[in-house]
Amino acid sequence: MKAIILSAGQGSRLGHLVDAGPKCLIDFNGRTLLDRQLDTLAANGVDEAVVVTGFRDDAVEAALAARSGGPTVRTVYNPFYKVADNLGSLFVAKHELEGDCLVWNGDTLVSEALMARVLGNDRQGICVTIDRKPGYDADDMKVVEEGGRLKEIGKRIKSRVNAESIGLLAFRGGGAAQFREAIEKAIRTAEGTTIWYLRVIHHIAQEADVWTFDIQGEEWGEVDFPEDVETARALTKRWDEATKAAAAA
């Protein structure tokens, strides 16, 4: 299993927190967001990662060079990060979409236990990791699913919403090749540079099976706004304390 981490964006909604570097390098209790993602992969036996860079790629490259241990990491630079949405990042890294792989948003933190469950799910094809909650707001990547099959995904869905995507997808069997082919077609459309890659997943789901994997009860966090940073710092602090306690027991 290989992980493709999408870390090209600046994260402008975070304001002054990203003046000096991208949000993937924001510190969370002594480790950057990207470090924590890579460490979570390492803890679950994933030894290969591809990081798609863009804004301040020099800073990301330096941070990766300073790491020791963990997955073997290589980078792919997205020169279109200012003008294209995250479909552009996957287009420049399309050659990495092969075999069994993960696609992971660069602003999402997940617990080691959550990642273990995703990796332990052997569903073939394309699988979108989902969570559930009582209500969903305008910024949630909303999902309509039935019996483990994805029916709709997008932020503008108005009805029948019963889950949300957490920004972590798994591709097994022919799933990655199927996604790569769909990306090639989507990027050539009039709206190609303005859409999210999950819009492509939505279109695939209208013609073929796309699966969902429910991790309700596991812990994760998304870093989009300044208030998310403090919430994520509290979350990662709790994870770190639990790890230390387990090691001392």
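For clarity, every value in this text was computed on a predicted model and none was experimentally measured.

A.B. asks: How do you make sense of the overall build of the protein chain when you look at a structure like this?
C.D. replies: Along its length, the protein chain carries 7 helices and 13 strands. Projected onto its principal axes, the C-alpha positions of the protein chain cover 50 × 40 × 35 Å. Per-residue burial for the protein chain yields a buried fraction of 49% across its 249 residues. For the protein chain, the share of sequence-separated contacts (at least 6 apart) that also reach a separation of at least 24 residues comes to 74%. Just so you have it, the protein chain exposes about 11,400 Å², and 49% of that area is on carbon and sulfur atoms. Positive and negative side-chain charges in the protein chain, numbering 30 and 39 respectively, have mean positions lying 3 Å apart.

A.B. asks: Could you clarify how one ought to interpret helix α1 (residues 33–43) in this entry?
C.D. replies: A turn of α-helix holds 3.6 residues, and therefore any two residues three or four places apart point the same way. Counted residue by residue, α1 has 8 buried out of 11 residues, so it is predominantly covered. All of the buried residues along α1 are L33, L34, D35, R36, Q37, L38, T40 and L41. Among the residues trailing α1, G45 stands out with phi positive, at a value near 80°.

The rules behind each value
- Residues numbered from 1 in each chain as written.
- Predicted model: local features only at pLDDT ≥ 70, side-chain atom pairs only at ≥ 80, totals over all residues.
- Heavy atoms only, no water.
- Helix = DSSP H or I, 4+ residues; strand = E, 2+ residues; numbered from the N terminus.
- Buried < 20%, exposed > 50% of the residue type's maximum accessible area, 1.4 Å probe, protein only.
- Contact = heavy atoms within 4.5 Å.
- Areas by Shrake-Rupley, 256 points an atom, 1.4 Å probe, with all protein chains shown as cover.
- Lys, Arg positive; Asp, Glu negative; His and termini not counted.
- Charge placed at Lys NZ, Arg CZ, Asp CG, Glu CD.

Functional significance is not addressed by these values, which are geometric in nature.
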